[in-house]
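Chains, contacts and geometry: an overview
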Amino acid sequence: MNRGTPGGPARAVRTVIGDIEPAALGVCDAHDHLFLSSPQLPGQELSDPEAAAAELHAFRAAGGGAVIQWTPYGMGRGAAELPRLARESGVRIVAATGLHQAVHYPPDVLERVRSGLAELFVAELTDGIGDTGVRAGLIKVAGGFHGLDRHARHTMEAAAEAQHATGAVIGVHLELGTGAQDVLDLLCGTLEVPPDRVILGHLNRSPDLTVHRWAARTGAFLAFDGPSRAHHATDWRLPDALRALADAGHGGQLLLGGDTTTAGARSVRGGPGMPYLLTRQRARLAAEVGPELVEEILTCNPARAFAARWSR
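The rules behind these values
- The numbers attached to residues start from 1 for each chain and follow its sequence in the written order.
- Predicted model: local features are reported for residues with pLDDT of at least 70 only, side-chain atom pairs are reported and counted for 80 or more only, and whole-chain, interface and lining totals are derived from all residues.
- Water and hydrogen atoms play no part in the side-chain values, which are based on all heavy atoms of the structure.
- Note on conventions: DSSP H or I runs of at least 4 residues are helices, E runs of at least 2 residues are strands, and numbering of each starts at the N terminus.
- Computation of the radius of gyration draws on C-alpha atoms alone. For the globule rule, the value is 2.2 Å times the number of residues to the power 0.38.
- Here's how the labels work: a residue is buried when its accessible area is under 20% of the maximum for its type, exposed when over 50%, partly exposed in between, all with a 1.4 Å probe on protein chains only.
- Should any heavy atoms of two residues lie within 4.5 Å, those residues are counted as being in contact.
- We call two strands paired when DSSP finds no fewer than two bridges between them.
- Structural elements are reduced to axes, namely lines fitted to C-alpha atoms, with helices fitted over the stretch in contact, and the angle between N-to-C directions of any two is expressed from 0 to 180 degrees.
- A pair is scored as a salt bridge if a Lys or Arg side-chain nitrogen falls within 4 Å of a carboxyl oxygen belonging to Asp or Glu.
- What the arc measures is the spread of directions leading from the helix axis to the C-beta atoms.
- Under this definition, polar contacts are N or O atom pairs within 3.5 Å; protein pairs additionally need one hydrogen-donor-capable and one acceptor-capable atom, and for neighbouring residues in sequence, both atoms have to be side-chain atoms.
- We call two directions roughly parallel when the angle between them is under 35 degrees, roughly antiparallel when it is over 145, roughly perpendicular when it lies between 65 and 115, and oblique otherwise.
- The hand of a helix crossing depends on one turn: near helix anticlockwise from the far one by less than a right angle means left-handed, and clockwise means right-handed.
- Residues grouped as a nonpolar core are buried Ala, Val, Leu, Ile, Met, Phe, Trp, Tyr and Cys residues, joined through side-chain atoms within 4.5 Å.

**Regarding the overall build of the protein**
- Per the secondary structure count, the protein includes ten helices and twelve strands.
- For 312 residues, the compact-globule formula gives about 20 Å, and the C-alpha radius of gyration of the protein, at 18 Å, lands near that figure.
- Taken over 312 residues, the protein has a buried fraction of 57%.
- Considering only contacts within the protein whose residues lie at least 6 apart along the sequence, 76% involve residues at least 24 apart.

Below, the structure written as structure tokens:
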């Protein structure tokens, strides 16, 4: 492992089969899902381990090396299956702790975890998820549409406490790409999370270049994920967003992901799925913004974003 700072732990990415050097992550889908269930997506659960395995093999065949699964607590993470899938596919997998918006949970689940949320996050990052022994490698939280409700603030406060205790990065679902300023004011301002320990997800869904540049100037990572979704204004505006940020000196903060959230969207079910990031989006972006920037976004940036000096 790399040595890190004198007297401190080396930087490592915490995968489901152990910590690795950041450079070993390889070509990375920085935001996706192998397993996911929510009452908001009835009948579209990602719950089939063999379909997940087929998707990983297709991603690997396209040149993929790692998948960061942002599925948080209580949404069918499939933690017990992840080590086997990682070993058999050869794809590095990072799992998440954290909590999504309240609408994704029955009220009794939220009531059960509300008072000990930070402790739960820390335990899943350091000891493992349930009795699986699989440790999470990031904390996933979520904002609301152009703002933060009481649930979001409580969840982010717990995430910040867990971040300070462990060093883990916090990935934030921005609802339709909005609310970046509120999120950063809370996490990096009030709660003193280092900006480079925050990843803002779904910025492509609100293609406001002014907000993108403002968020980038704070030092946070910016994730553009969920390609191929026509109603999210993604693919055709993405090159402009990436180019503008790179030209402003923020190329080292950009991430790309697939964000497969329904069974019908898997490539093995006829959808774009995980391989689309590499079989279609990579070449298109390389033609628009240059292959060097695209490779930086797919390899170098995730290695820095998801690596931590794990204190526990």
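**Let's talk about the sheet that holds strand β12 (residues 307–308)**
- Strands sit in the order β2-β1-β12 across an open sheet of three strands; the sheet is antiparallel. Edge positions in the sheet fall to β2 (18–20) and β12, since each has one partner strand and no second.
- Note that strand β1 (residues 12–15) and β2 share three bridges and pair antiparallel. From the neighbouring strand, T15 faces β2, where its bridge partner is G18.

**Overview of the sheet that holds strand β3 (residues 28–32)**
- One open sheet accounts for three strands, arranged β3-β4-β5; its pairing is parallel. Whereas interior strands pair on both sides, the edge strands pair on one side only; in this sheet they are β3 and β5 (92–94). Each adjacent strand pair in this sheet contributes to an overall mean axis angle of 15°, direction not counted.
- As defined by bridge partners, β3 adjoins strand β4 (residues 66–69) across three bridges and the pair is classed as parallel. Among the inter-strand pairings, D32 is bridged to a residue of β4, identified as Q69.

**Details of the pattern of salt bridges**
- Scanning the model with the defined rule gives ten salt bridges in all.
- With its nearest N and O atoms 3.1 Å apart, the salt bridge here joins R84 to E81.
- The salt bridge involving D259 is made with R205; its shortest N-O contact spans 3.0 Å. With D259 in the loop between β11 (254–257) and α9 (276–289) and R205 in the loop between β9 (198–201) and α7 (209–218), this pair connects stretches of sequence that are 54 residues apart.
- For D259, a relative accessible area of 3% translates into the label buried.

**A short note on α7**
- Restricting attention to buried positions, one finds in α7 the residues V211, H212, A215 and A216. Buried residues of α7 fall within an arc of 135° about the axis and therefore sit on the same side. α7 presents T210 and R217 as exposed residues on the side facing more than 90 degrees away from its buried surface.
- Looking at the buried side of α7, the elements it contacts are α6 (180–190), β9, β10 (221–225) and α8 (238–247).
- Capping the start of α7 is the job of one residue whose side-chain oxygen sits 3.1 Å from the backbone nitrogen of T210: D208.
- Of the residues trailing α7, G219 is marked for its positive phi of about 105°.

**Regarding the packing of α6 against α7**
- Between α6 and α7, the shortest axis-to-axis distance is 10 Å and the interhelical angle comes to 15°. Between α6 and α7, the angle is such that the two are roughly parallel. In this structure, α6 crosses over α7, and the sense of that crossing is left-handed. Contacts between α6 and α7 involve A180, Q181, L184 and D185 from the first element and V211, W214, A215 and T218 from the second.

**Regarding the packing of α9 against helix α10 (residues 291–305)**
- Where α9 contacts α10, the axes come no closer than 7 Å and their chain directions differ by 135°. Judged by the angle between their axes, α9 and α10 are oblique. In this structure, α9 uses L277, L278, R282, L285, A286 and V289 to contact α10, whose residues at the interface are P291, L293, V294, E295 and L298.

**Re the nonpolar core**
- One finds I139, V172, L187, L200, L222, F224 and L256 to be the most contacted residues of the largest nonpolar core, which totals 81 residues.
- The biggest single contributor to this core is helix α5 (residues 150–166), with six residues.
- For F224, the contacting residues outside a window of four places in its chain are L203, N204, H212, L238, A241, L242, L245, L254, L255, L256 and G257.
- Counting residues in each nonpolar core, the second largest holds 19 residues, with L25, A30, I68 and A223 among its members.

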